[in-house]
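Each chain, written out:
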Amino acid sequence: MKKKVVIIGFGGHARGSWLNALKSHPDYELIGVIDTDTEMLENVPQMSPFLKDVATDTAIEDFVKYNQKPDLAIVATPINTHHSIVREVLGQGINVICEKNLASTMQEGRQMVQAALDHPDLCTATGFQNRFNPGFWTAKQYLAQEDPSIGQLGFIRWEDFGYRGETRWGWRRFLPEIYPEDQCPHWFDAIRWVTNRDIVQVKADTFMPNYSDWHGASTICANLALAKPGEYRHRHKWVWCQLFGDWQLGGPPHSKFEFFGRKGQFSIGNFGLDIKVYPDMSNRTKFEEDGYLPVDAGPIRGTNYSGQRVILEQMSKGIDSKGKVQPDTNFVEAFKSFAVSMGAIKSSHTGKAVWVPDAWADFKGVDSYHKE
């Protein structure tokens, strides 16, 4: 039997991304759309043949009262509404996927994690679909080898030059730190995912170029320290990452993800990893080229999917297990990426490095929260 789904917040991301993901996954049936825009709700059945039979309402409590209780709710509302809506969904006994960023403040994020821990029979997931893109999965599998050809990883250079126009748009116009709050959470999560390490320290500056007419921070320069659990305080074992992200500098948009090891380096390209290996360790300016392809990495998390569809696949299995198997991006895990974004903003405001693990050190019930 197909799992019943409602989407809460039917804006551009829900209609353009989650709706398409649901259409292409055989385990789900969309039964409802919830939004506060009543005029838009009246037109939902006419938007697509896929939507002609869905019910609509303005709140999850009313939807459950007057329709049927769904198995899953996808929350795609503005960030500042996430923590209240998610807690309401879990309170109704409904599994939930929440878009990133997890919340607007650390306290809100902590409340969401605790709500998940208080409902261990339900599954949670976060919209960190970038970690499930083929390039990042390929890098993750390459580094997970017992002896990758670049040797011990030591440094990462992560650049993302985007362009989002000359004016702020939609609900994002209300974000005081638009790039650190909206895009950086994806990058912090992908870095953690690829390296299988936590970001334990962040020192960041968030700003807007002085020629920009935007308000808030469209750009970030951050130094990140990554460590494996159990080695958080062993500074010599840290992997360092220099991250630069921007939406306002202008020029040709591009991204560059480079990883440097003792015996070589690689970058994530369009068709896998472009690897340079040093044949002579006495002169590491010379290199031999190699590659590692998505076919070498295998299917993403053993599925036939990528991106949001992997999240849906894991959520389906988690619902069948009644919460015993949680999706990879469950709230406990996602909080570690969210906490870095909050730490980066705090660091910029104070001018000091932020020790990130303090954010999750005192959670209760984490040990019994299972992950696939």
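In short, a report on the structure. Given the structure is predicted, the values throughout are model-derived calculations rather than measurements. (Residues numbered from 1 in each chain as written. Predicted model: local features only at pLDDT ≥ 70, side-chain atom pairs only at ≥ 80, totals over all residues. Heavy atoms only, no water.)

## Concerning the sheet that holds strand β10 (residues 239–246)
Step number 1: The strand order across the open sheet built from nine strands is β14-β13-β12-β11-β7-β10-β9-β8-β15, with neighbouring strands paired in mixed fashion. Only two strands of the sheet have a single neighbouring strand rather than two, namely β14 (288–292) and β15 (354–355).
Step number 2: Pairing analysis gives six bridges linking strand β12 (residues 264–269) to strand β13 (residues 272–277), with the strands arranged antiparallel. Its bridge partner lying in β13, Gly 264 is registered against Val 277.
Step number 3: Each of β7 (153–161), β11 (254–261), β12, β13 and β14 is contacted by helix α6 (residues 134–143), which is oriented at about 155° to β12, the strand it contacts most.
Step number 4: Most of the contacts of helix α11 (residues 331–350) go to strand β8 (residues 198–207), to which it runs at about 40°, and overall it touches β8, β9 (219–227) and β15. (Pairing = 2+ DSSP bridges. Helix = DSSP H or I, 4+ residues; strand = E, 2+ residues; numbered from the N terminus. Contact = heavy atoms within 4.5 Å. Axes fitted to C-alpha atoms, helices over the stretch in contact; angles between N-to-C directions.)

## Considerations on the pattern of salt bridges
Step number 1: Overall, the coordinates contain 15 salt bridges when judged by the stated rule.
Step number 2: One salt bridge in this structure joins Lys 3 and Asp 320, with 3.2 Å as the shortest N-O distance. Of this pair, Lys 3 sits in strand β1 (residues 3–8) while Asp 320 sits in helix α10 (residues 308–320); the two residues are 317 residues apart in sequence, bridging distant segments of the chain.
Step number 3: The network of salt bridges with shared partners includes Arg 131, Asp 189, Arg 192, Asp 198, Glu 333 and Lys 336. (Salt bridge = Lys/Arg side-chain N within 4 Å of Asp/Glu carboxyl O.)

## What about the packing of aromatic side chains?
Step number 1: In the structure shown here, the tally under the stated rule is 21 aromatic pairs.
Step number 2: Ring geometry for Phe 335 versus Phe 363: centroids 5.0 Å apart, planes at 75°, classification edge-to-face. Of this pair, Phe 335 sits in helix α11 while Phe 363 is found in the segment after β15, placing the two residues 28 residues apart along the sequence. The pair Phe 335 / Phe 363 is uniform in exposure class, with both members buried.
Step number 3: If you follow Lys 276 out to its NZ or CZ, it ends over the ring of Phe 287, 5.4 Å from the centre. (Phe/Tyr/Trp six-rings, centres within 6.5 Å; stacked < 30°, edge-to-face > 60°. Buried < 20%, exposed > 50% of the residue type's maximum accessible area, 1.4 Å probe, protein only. Lys NZ or Arg CZ within 6 Å of the ring centre and 35° of its normal.)

## Considerations on unusual backbone geometry
Step number 1: Residues Lys 100 and Asn 101 are joined by a peptide bond in cis, for which omega reads -10°.
Step number 2: Within the secondary structure layout, Asn 101 lies in the loop between β5 (95–98) and α5 (106–117).
Step number 3: Within the chain, Asn 196 stands out as a residue other than glycine whose phi angle is a positive 60°.
Step number 4: As for its placement among the helices and strands, Asn 196 is situated in the loop between α8 (184–195) and β8.
Step number 5: At Lys 322, a residue that is not glycine, the phi angle is positive and equals roughly 55°.
Step number 6: Structurally, the position occupied by Lys 322 is in the loop between α10 and α11.

## With respect to the layout of surface pockets
Step number 1: There is about 610 Å³ of room inside the largest pocket.
Step number 2: Surrounding the largest pocket, 33 residues form its lining, Gly 9, Gly 11, Ala 76, Thr 77 and Pro 78 being those nearest its centre.
Step number 3: Breaking the lining of the largest pocket down by element, the ones donating at least two residues are α1 (12–23), α3 (60–66) and α4 (82–91).
Step number 4: When grouped by side-chain class, the residues that make up the lining of the largest pocket number 12 nonpolar, 12 polar and nine charged.
Step number 5: Estimates place the volume of the second largest pocket at around 430 Å³.
Step number 6: Taken together, 21 residues make up the lining of the second largest pocket; nearest its centre are Leu 143, Leu 153, Thr 195, Arg 197 and Lys 228.
Step number 7: For the lining of the second largest pocket, the secondary structure elements donating two or more residues are α6, β7 and α8.
Step number 8: The dominant element in the lining of the second largest pocket, judged by the number of residues it contributes, is α8, at three residues.
Step number 9: Looking at the lining of the second largest pocket residue by residue, the class counts come to eight nonpolar, six polar and seven charged. (1 Å grid on protein atoms, 1.4 Å probe; cavity = no way out; pocket = protein on both sides within 12 Å on 5 of 7 lines; lining within 4 Å. Points joined across faces, edges and corners; volume = space filled by probe spheres on them. Nonpolar A, V, L, I, M, F, W, Y, C, P; charged D, E, K, R; others polar.)

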